[in-house]
Amino acid sequence: MVIAIALVATAGTAGTVLLQLASDDGGPDPGLQVSLLAWIILPYVLGGLVAWYRSPESRFGPLMIAAGFVTLVSSLSAANWTPASTLGAAFDLVPFAAFLHVFLAFPTGVLRSRRERILVGAGYAVAVGLQVAGLLLGGIPGNAIVAIDAPGVAADLHQVQLTLMAGFDLIALGVLFGRRSAAGRPLRTPVTILINSYSLSLVLAAVLLLTQAFSLVPDASLTVQRTMFLVAGLAPFVFLLAMLDARLARSAVGDLLLELRSVPPRSDLREPLSRALRDPTLSLAYWLPEYETWADQDGRPVHLPGAGEPRSVTLIDSEGRHLAALVHDPSLDDEPQLLQAVGAAAGIALENGRLQVELKAKLQELEGSRGRVIEAGQKERKRLERNLHDGAQQRLIALSLDLGTYSSKLDEDPETQSRIQVAREEIAVSLDELRAVARGLHPAVLSAHGLGVALESLAADSAVPVKLNVAVEKRLDESIEVAAYYVVTESLANIGKHAQARRATIEVTHEGDELVVEVVDDGIGGADSEGGTGLRGLADRVEALGGRLRVWTPSGGGTRVRAQMPCG
C-alpha cells in the first residue's frame, strides 16, 4: 500500500512536470513553476507516508498525503485538454484549505476544537463551492461545465472567494498564536521551527490571495506565490524532524528506566521524570483514594489545574484506578505517546511513591489529630482553672471573711473563736491546695504576664536554687508558651523529687526560628525518660507543635532536658 501510493505520487508528479512544460499557458519561467509544484507534491505525499508508517493510528500521515494529491490534481488546470483543465481549475484553491487543515491538525491529524472544525470546513466549502459556481458562470472561458456566460459576476464571486480564503488564513494564524500562547514556550527546537513555518506560510498565503483578489501589484503576485510554495514545501521536512526529535525524546525513557531501578529506590521522582520529558516545570501529584484527594510528595493536598489554566495534566492510571498526575507544560500535549511511555516506565516507582505519600498523609493527619487533642485539652484545662478561680476559690475566700466577721462578734466566747480560727486556717490550706491545682491545670500568670514572669514564679518556688535566663522579649503563641512552661515545670518537679541536685539552670532562647528551652541540673542523673508519664507527655506536647524534646541523663552526670519548638 505504502509503495503503491509512493509510486502513484512519483508518477503523478512526473506527469505534472510534463503537463506544465507542454501547456500553452505555462507562464514565465515554466521550469521554476514546475519545480515548485514538485517541491510541494512529493514532500507532502512521501512525508505523509513516513508519518503514516511510523504512527499508523494517527490521522496526520494520511492528511499530509491528501494535501499532496490535492495539489497534484489542482496542477491539472494547466492541461491543454479541457476536461482535465476544468477538474484542475475546480481544485485550484483546495490546496489552500488542505494546508490550513494540515497546519491546524498537527500532530494527531485531528482538529482540537469546534471552532477549528468550522474554520476548516468553511475553507473547503469556499474553495470548492464558490470555485465550481464561478466555473458555471464562465469564470474561465471554455471550461467544460460553463452553464451561464456571466464573466463579470464570476469575477466578483472569485474576488469574494479569494478574500474569504485570505481571511480564513489570518484567522488560522490567530488560532495558532492563541494555542501557542496558552501552551507556553515550546520545549523543542523543531517545534519552534514548525510554528514559524506555519505562521509564515499562512501570512504569505493571505497576502497572495489578497493580491490576486484586488489586483494589487500584479508583478509581485508571482513572487509571493513562489515564495509561499517554497516555505510551504519546507513544512513536511520540519514535520519529519519533529517526529524524529520526538523519537529521540522517547529514547530517554530507557535512561529513565535505568535511573528508576537504582538501589535504594528514589523517593523523589520529579527530577528524573522532568529530565525524561525535558520540562523543568514538571510537578507530581498522587491520588490518595482513602482521602479522595490529590497530594504532593509531602502528603499535602494539592489542586490540579483545570480548563483555562496555563498548565496541563496527564493522568497515570493503573488497573483502572488513578495512580498519579503529571502537571506539565501544555506544549507536551502535542506528544501524547511520550507522556504515555514515561508514565508506563515509571508505573511501579509511582505506585511506591504513592504509598509513601499516603503514609505521609496519614502521619500528618495523626500529628494534626494529636495537636487538636492537646489544644482541646489545654482549652478545657484553662476553662477549669478559670472556673476554680472564679468559683470555688472565691467562695472559700468569702467564707473565711464571714467567719472572721462572726469571730469579732464573739469576744466573750474564746472556745468558739478558737474553733473559727481553726476553720479559717483549714480554709487557707484548702485555698493553697486549690491554687496549686489551678496552676497545674493552667498557669494564669502565663496568660496574664507572659513566659518570663511565669518562669520567675516557678524558679522562686523551686526546691533548689535556680539560675534563670529568659532571652525572649516578645509574647509568643500561647501554645508555645504553655509547652515551654510545662517543660520547666515538669523538669523542676523531677529535680525536686529525684535528682538530689544542689542547683539548676534554666535557659530560654531563640535559635533561628525556634524557641529553645533547656533545663540542666547537677544531680545524680539516671532519670528514665521513657518509663514515666511526665517526660513522655511533655514530648507529645512538644512534638504536636512540630518540635522535639531530648533528655540527656547519664548516671552521676546530672540531667539535661532540651526542647526545641518552631515559633517563626
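It should be noted that the structure appears before, not after, this text.
Owing to the predicted nature of the structure, the values given are computational and were not obtained by experimental measurement.

Student: Please give an account of the overall build of the protein chain that cites residues and values.
Tutor: For the protein chain, the count of helices and strands is 17 helices and 10 strands. Of all 568 residues assigned to the protein chain, the portion counted as buried reaches 43%. For the protein chain, restricting intrachain contacts to residue pairs at least 6 apart in sequence, the fraction spanning at least 24 positions comes to 67%.

Student: Give a description of the pattern of salt bridges that names residues and reports values.
Tutor: Enumeration over the complete set of coordinates arrives at 7 salt bridges. Between arginine 562 and glutamate 511 there is a salt bridge whose closest N-O contact spans 3.2 Å. Of the two residues, arginine 562 is situated in strand E10 (residues 560-566) and glutamate 511 in strand E7 (residues 504-511); the sequence distance between them amounts to 51 residues. For arginine 562, a relative accessible area of 12% gives the class buried. A salt bridge links arginine 560 to glutamate 518; the nearest nitrogen and oxygen atoms lie 2.8 Å apart. Here arginine 560, found in strand E10, pairs with glutamate 518, found in strand E8 (residues 514-521); they are 42 residues apart in sequence, far enough to count as distant. For arginine 560, a relative accessible area of 33% corresponds to the partly exposed category. Judged by its relative accessible area of 15%, glutamate 518 is buried.

Student: I'd like to hear about the sheet that holds strand E6 (residues 466-470), residue by residue, with values.
Tutor: What links the strands of a sheet is backbone hydrogen bonding, and the strands pair in either a parallel or an antiparallel sense. Within the open sheet, the 5 strands sit side by side as E6-E7-E8-E10-E9. Their pairing is mixed. Two strands lie at the open edges of the sheet, namely E6 and strand E9 (548-552), each paired on one side alone. The sheet shows a mean angle of 10 degrees between the axes of neighbouring strands, taken without regard to direction. Sheet strands touched by helix H15 (residues 451-460): E6 and E7. Its angle to E6, the strand with the most contacts, is close to 180 degrees. Lying on the sheet, helix H16 (residues 478-499) is in contact with E6, E7, E8, E9 and E10; it crosses E8 at an angle near 10 degrees.

Thresholds, definitions, all that
Residues numbered from 1 in each chain as written. Predicted model: local features only at pLDDT ≥ 70, side-chain atom pairs only at ≥ 80, totals over all residues. Heavy atoms only, no water. Helix = DSSP H or I, 4+ residues; strand = E, 2+ residues; numbered from the N terminus. Buried < 20%, exposed > 50% of the residue type's maximum accessible area, 1.4 Å probe, protein only. Contact = heavy atoms within 4.5 Å. Salt bridge = Lys/Arg side-chain N within 4 Å of Asp/Glu carboxyl O. Pairing = 2+ DSSP bridges. Axes fitted to C-alpha atoms, helices over the stretch in contact; angles between N-to-C directions.

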